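Residue-level structural notes
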Amino acid sequence: MIEKRKNILLFGILILALVFFPFLATNYWIRLFTGIFMYGTLAQATNILMGFSGLVPFGNVVFFGIGAYFTGITMLSLGFPFFIALILGGSVCFVFAFVVGHPVLKLKGHYFAIATMGISEAIKQIATNVKITRGGMGLNLPLVPLEVNASYLFFYFLMFSAMILVTIATFWISKNRVGYALRAIMSNEDGAKSIGINTPHYKVLAWAISAFFTGLAGGIFAYWYGYIDPPSVFDIGISVRFIIMILLGGAGTIIGPLLGAFFIELLSETVWSQFLFIHLGVLGAIIVLVVIFMPKGFVWFYRQKFSLEALMENVRKGKL
Amino acid sequence: MEVLLSIKNVSKYFGGLAANKDLSFDIEKGEIIGLIGPNGSGKTTLINVITGNYAADQGSIRFKGHEIVGLKPYTINRLGIARTYQVVQPFVGMSVRENVVAGVLFGRDGKGRKMKAAWEKADEVLELCHMQEKKNEMVENLTIADVKRLEIAKAMATDPDLLLLDEGMAGLNPKEIDDALELITQINKMGITLLVVEHVMKAVMSISQRVVVLHQGLLMAIGTPETIVRDEQVIKAYLGEKYTLRQKNQGEAKRL
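Residues numbered from 1 in each chain as written. Chains lettered and ligands numbered in written order. Predicted model: local features only at pLDDT ≥ 70, side-chain atom pairs only at ≥ 80, totals over all residues.

Below, the discussion takes up the overall build of chain A. Scanning chain A for helices and strands turns up 15 helices and two strands. The C-alpha atoms of chain A give 20 Å as radius of gyration, which agrees with the globular expectation for 320 residues (20 Å, within 12%). Dimensions of chain A along its principal axes, counting C-alpha atoms only, are 55 × 50 × 40 Å. Buried positions account for 45% of the 320 residues belonging to chain A. Restricting to contacts in chain A with at least 6 residues of sequence separation, those with at least 24 account for 75%. (Helix = DSSP H or I, 4+ residues; strand = E, 2+ residues; numbered from the N terminus. Rg over C-alpha atoms; globule rule 2.2 N^0.38 Å. Buried ≥ 20, exposed ≤ 12 C-beta atoms within 10 Å, placed from the backbone. Contact = placed C-beta atoms within 7 Å.)

So this is what it looks like as structure tokens:
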């Protein structure tokens, strides 16, 4: 109980700090943190499916793209206000995942991961070739009707709210029916069916919820950047990045994916500014080291009370 | 007696092999029915067919008068048929209490339950199965006897009318077997019908009101334990001469 209170207190302080942060920081830091929150949202959204049910949706970036394009197109062609377009974009992702999920989630393990990548590539090709998205030309969204500093703050708090929202959703899921269903499915699908869990339904639901928040992040991204084209919003690299964040932070935990997002984004920013030419190499090496020493992520390392022995045990288990 | 589950002409084939062939028998409400037979005689297949893990190729299974062949396992569970697995299937990474609460949340009437009510029901089930003191243990730290007990607890959490136990006592020591038998009897007293698959003859014969014997997928005999142990065919195929002899001697010893 004391542990729980301590966690809530810590969380509260962290949130307060992040609320006041942009009023003290320069626009460079505000922009960097908006990016971190975006990846935090994406990682947490995917964590809902990946962390609890063990399925790895490599192509989840497809919802990022759909969210971005849907928001952009409804604003441009139909003149919808941003927030309505954004919510609609997320909802379209939810429905899309729900429809596609029923056949695709019958696949297991790697086959599911590959199928989601296939879907992502297929949607990218469609977006490149239909008229409504203006294909490879890309889409210019309306400008934010705010002065520069205010627009920085606007997107900072927008992304921040999205991250907090998806984290609350994840927390709620973990304590409720859906969370237990998913954890039972991850551990043992046959056993789960035998105690009355409608396994396909819960997997699809988890994917759809994760799609909704991924779509939200995409919609905000589109308005923030002001310009989107298929290669940038349907980039599998984005998926890979947030999946690394989940693994690094700790899949199936609430705070893990967010820690992963902070770590990777800050690290890549530092590495990029210090080692301009080999920054990807340095980043890769650091990730390899982290995975060797703590394959279950930061949260696991914290739970082991930062013991060095536990780190070495992982190295031995990895037969290195 | 009221019929709870009626199996009619059920067959299940794996390729050319008939794992269950033209099986017909009824399970009556409130009884404990033993299901015995040599390895490969189709006991586990029959359980899988009843619970919907496998679809029967022929025949019909009626539960409380409703046809259940072709339904999904989770639907069948919610109708009131729960099972345990021969190879235990606990939810690793969750505590004993969480395992049980999952059963409470998704079993019969689980849909309308709030979390708080679900935890309370889970504690009741744990109490019934004498697992209260281990409720916060992770399942990977349990002994095999406790895991088997947890399997029963999980099944009971779904609030069944019919409980199918697939070798719940294999690998247990005599003391643990006695505990398991006590639990089964207690569950039966609550009005729950049980189908018990078991190789431990002493156990199955002592608690069952009737025993079904399968042999090579066929129904070989059905009757009270007393008639089964005297059945020539069953002795030849499964029990063996020695078992009958020992039973006889014990019986005579008791009389003396």
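Picking up after the structure, the text goes on.
All names here are of chain B. A sheet is described by the order of its strands in space; here four strands give the open sequence S2-S1-S4-S5, paired in antiparallel fashion. Here the strands that pair on one side only, and so sit at the sheet edges, are strand S2 (17–28) and strand S5 (66–67). Where strand S1 (residues 3–14) meets S2, eight bridges bridge the pair, whose relative direction is antiparallel. Note that in S2 the partner of Leu 5 across the bridge is Ile 27. (Pairing = 2+ DSSP bridges.)

Residue-level contacts link 17 residues of chain A with 23 residues of chain B. When residues of the side of chain A that touches chain B are traced back to their parent elements, those giving at least two are helix H7 (177–187) and helix H8 (189–194) of chain A. It is H7 of chain A that contributes the most residues to the side of chain A that touches chain B, six residues altogether. Partitioned by chemical class, the residues of the side of chain A that touches chain B number five nonpolar, eight polar and four charged. (Nonpolar A, V, L, I, M, F, W, Y, C, P; charged D, E, K, R; others polar.)

All names here are of chain B. Its identity as a non-glycine residue notwithstanding, Asp 22 has a phi of 50°, on the positive side. Considering the arrangement of structural elements, one finds Asp 22 in strand S2. Assessed through the 14 C-beta atoms surrounding it within 10 Å, Asp 22 is described here as partly exposed. Positive phi is not limited to glycine here, since His 130 has a value of about 55°. Within the secondary structure, His 130 sits in the loop between helix H4 (115–128) and helix H5 (144–157).

Residues and elements named next belong to chain A. Where helix H3 (residues 61–77) contacts helix H5 (residues 109–129), the axes come no closer than 8 Å and their chain directions differ by 25°. One way to sum up the angle between H3 and H5 is to call them roughly parallel. Regarding H3 and H5, the two cross each other, and that crossing is left-handed. In this structure, H3 uses Val 61, Val 62, Gly 65, Ile 66 and Tyr 69 to contact H5, whose residues at the interface are Ile 119, Ser 120, Ile 123, Lys 124 and Ala 127. In terms of residue class, the contact of H3 with H5 is made up of seven nonpolar, two polar and one charged. (Axes fitted to C-alpha atoms, helices over the stretch in contact; angles between N-to-C directions. Parallel < 35°, antiparallel > 145°, perpendicular 65-115°, else oblique. Left-handed = near helix turned anticlockwise from the far one by under 90°.)

Let us look at the sheet that holds strand S10 (residues 218–223) of chain B. Across a sheet, paired strands are connected by hydrogen bonds in the backbone, their directions being either parallel or antiparallel. Residue and element names in this part refer to chain B. The six strands are arranged S6-S7-S8-S3-S9-S10 in an open sheet whose pairing can be described as mixed. Each edge of the open sheet carries a strand with a single partner, namely strand S6 (81–83) and S10. On average, each strand axis in the sheet is inclined to that of its neighbour by 20°, with strand direction left out of account. One ladder, built from five bridges, connects strand S7 (residues 162–166) with strand S8 (residues 193–197); its direction is parallel. The partner of Leu 162 across the bridge, within S8, is Thr 193.

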